[in-house]
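# A look at the structure
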Number of protein chains: 2
Amino acid sequence: MKDLALGIDIGGTNTVFGCCDCEGNVHFETSVPTTDSKAPELLVERIYDQLHKEGLIDRIIGVGIGAPNGNYFSGSIEFAPNLSWKGKIPLAQLFHDKFGVPTYLTNDANAAAMGEMIYGNAKDLKDFVTVTLGTGLGSGIVVDGKMIYGHDGFAGEYGHIRVIPNGRLCGCGRRGCLETYVSATGVVRSIIELDSKHKNSSSILTSMDHPSAVQVFKHAKTGDKFAQEIIDFTAKMLGNALADFACFSSPKAYVLFGGIAQSGKEFADKVKTHMEEALLNIYKNKIEIRISALHELNAAVLGASSLVWNEIN
Amino acid sequence: MKDLALGIDIGGTNTVFGCCDCEGNVHFETSVPTTDSKAPELLVERIYDQLHKEGLIDRIIGVGIGAPNGNYFSGSIEFAPNLSWKGKIPLAQLFHDKFGVPTYLTNDANAAAMGEMIYGNAKDLKDFVTVTLGTGLGSGIVVDGKMIYGHDGFAGEYGHIRVIPNGRLCGCGRRGCLETYVSATGVVRSIIELDSKHKNSSSILTSMDHPSAVQVFKHAKTGDKFAQEIIDFTAKMLGNALADFACFSSPKAYVLFGGIAQSGKEFADKVKTHMEEALLNIYKNKIEIRISALHELNAAVLGASSLVWNEIN
């Protein structure tokens, strides 16, 4: 019986994959270093062999893939800066050829949004935006129950909307992109770049050589004032941006996903407060800030698998 | 035979209405001062009586209305600051009751986008954004052939995305909104607010008490350097903003509509140049800047009528 979707999340370091039924129960999950596979074909073989060994091959109804720079229309990974595979990689085709089942590929933030809609905290929503806060800031936009892909498959790059003219230099070569402020990397940059009378007495800088975003959040909880200022700054930058982005798709909710959002309700509440202050009148008191429900679960596999169930349903 | 759509464009000053067949031929068009009708019911009566007189009533297959703050879902004008009718006006219902045919209402920028898709320069496009440059800046977003309305009918307010932190004060009460720079009003503000070594010698300020945006464009064409700087500044602000807004829906084209866009290809070319410079790499050399094809025609009636034909087709 074909009752499982194979969900694959390609990361710069690891590739997580697993099988998931239509109710979101994960039947198998594991990960392999992405970099072990010099060619993408080798990764396909490796995943196939593993599922064969687990006796799951015949149960796979479809394959869903979330990948950096993943293009839904072409089924390819296109020029992903953080992967060792260069150029355009027709990964959906490679999986389709090997597994003989429909295969869907998109970027990781779109997969996260789809996972939220099928299994998570957006099951009741037709209009929402998932904002993923990791190394960078990604976004997956759903309008009237459908993912927005744009004419070329590259819609939803909220991390690269410039929010400060001539602001922080971004990996994309431009300045002031939202993700240079609001992301794990952005939080770490704020440690260096923000000024504060509490900076010298903060234990973030004195107790650690290379503090991480997670540690900034931890220090904030124990009363470190500079850490709290960084969190406030980050929440204000995000709240302000989400207020403006409402002018695009007027969503019912933003769903925050990833390490920073996982820090708890307090951050989401701060984002909401700043967003409300900054919203155009017609949008005030309408838009929720939700925290992803997939955090503690097998989020990557669920997101990728949901691409399959979305097409089938 | 029911072969005509009644298109109505409600403006703060005038209401234009007319009848249009499915091929975009306008069979009748006129306008009345909006302010003559103290209550919206009186406007409905007036338009009905006029069409009755013209012998067109029995040919009306549906009514399309473009209106400021028009909400597609509710069919109402909701708290339009520039109309004398206050609160929520269920205008679609009023027309439906009087005419007995399906009635569709949305905001004027969405109607313009629909008109462009059905009759104008976006007939070949499924993913584009119409940007209307009038007193303010409006936008109508089309994704995969469908208008984006958002969860509440208020999607597509690009004019109120803030592009300069603490920038120009906007009519909405916030600061730095795009429309305070890029609109007829914004151009006039630039005359006062921009500094230039050519300002004192410019004939814009010396020859007119209250120069308009159109006059700034005219002076630029005759070689006035300050006027040219204002146009360049406006084009740069718009090009930069459109570059960032590509991160929303990744459109195939922006279609510029209204007085400023109508000034000619030169302005659109400048916008394109600035947009390309500012675009994220993945969007470069993909997005066209087009000028609306509806300018010289009965744009308002065509836009509103197209709402009807879009639903019928």
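### Quick look at the overall build of chain A
Counting its regular elements, chain A contains 10 helices and 13 strands. Taken against the 2.2 N^0.38 rule, which gives 20 Å for 313 residues, the C-alpha radius of gyration of chain A at 20 Å falls within 12% of a compact globule. Projected onto its principal axes, the C-alpha positions of chain A cover 60 × 45 × 35 Å. Sorting the 313 residues of chain A into buried and exposed places 58% on the buried side. Taking contacts inside chain A between residues at least 6 apart in sequence as the whole, the part at least 24 apart equals 61%. Summed over its atoms, the accessible surface of chain A is roughly 12700 Å², and 50% of this surface lies on carbon and sulfur atoms. Across chain A, 29 positive and 35 negative side-chain charges occur, with their mean positions spaced 6 Å apart.

### Some thoughts on the nonpolar core
Counting 102 residues, the largest nonpolar core has Y254(A) and Y254(B) as the members making the most contacts within it. Not counting the four nearest positions on each side in its chain, Y254(A) is found in contact with V129(A), V131(A), L242(A), F245(A), A246(A), M275(A), I287(A), E288(A), I289(A) and R290(A).

### Some points on helix α4 (residues 184-193) of chain A
Residues and elements named next belong to chain A. Here α4 has its buried residues at G186, V187, S190 and I191. Along α4, the residues classed as buried sweep out an arc of 155° about the axis, all on the same side. If you follow the buried residues of α4, they end up packed against α5 (203-207), α6 (213-221), α7 (225-249) and α8 (259-262).

### Considerations on the pairing of strand β10 (residues 137-143) of chain A
Residue and element names in this part refer to chain A. When you tally the buried positions in β10, you get seven out of seven residues, the bulk of the element. Burial along β10 is two-sided: the residues L137, S139, I141 and V143 and G138, G140 and V142 are all buried. Where strand β9 (residues 128-133) lies against β10, six bridges are found, and the strand directions are antiparallel. Note that in β10 the partner of F128 across the bridge is V142. Counting the residues that bridge the hairpin from β9 to β10 gives three residues. As defined by bridge partners, β10 adjoins strand β11 (residues 146-147) across two bridges and the pair is classed as antiparallel. Counterpart to V142 in the pairing with β11 is M147. Linking two consecutive strands that pair antiparallel, namely β10 and β11, is a turn of two residues; a positive phi of about 50° is found at D144 within it.

Here is what the cut-offs are and how they apply
Residues numbered from 1 in each chain as written. Chains lettered and ligands numbered in written order. Predicted model: local features only at pLDDT ≥ 70, side-chain atom pairs only at ≥ 80, totals over all residues. Heavy atoms only, no water. Helix = DSSP H or I, 4+ residues; strand = E, 2+ residues; numbered from the N terminus. Rg over C-alpha atoms; globule rule 2.2 N^0.38 Å. Buried < 20%, exposed > 50% of the residue type's maximum accessible area, 1.4 Å probe, protein only. Contact = heavy atoms within 4.5 Å. Areas by Shrake-Rupley, 256 points an atom, 1.4 Å probe, with all protein chains shown as cover. Lys, Arg positive; Asp, Glu negative; His and termini not counted. Charge placed at Lys NZ, Arg CZ, Asp CG, Glu CD. Core = buried A, V, L, I, M, F, W, Y, C linked by side-chain atoms within 4.5 Å. Arc of directions from axis to C-beta. Pairing = 2+ DSSP bridges.

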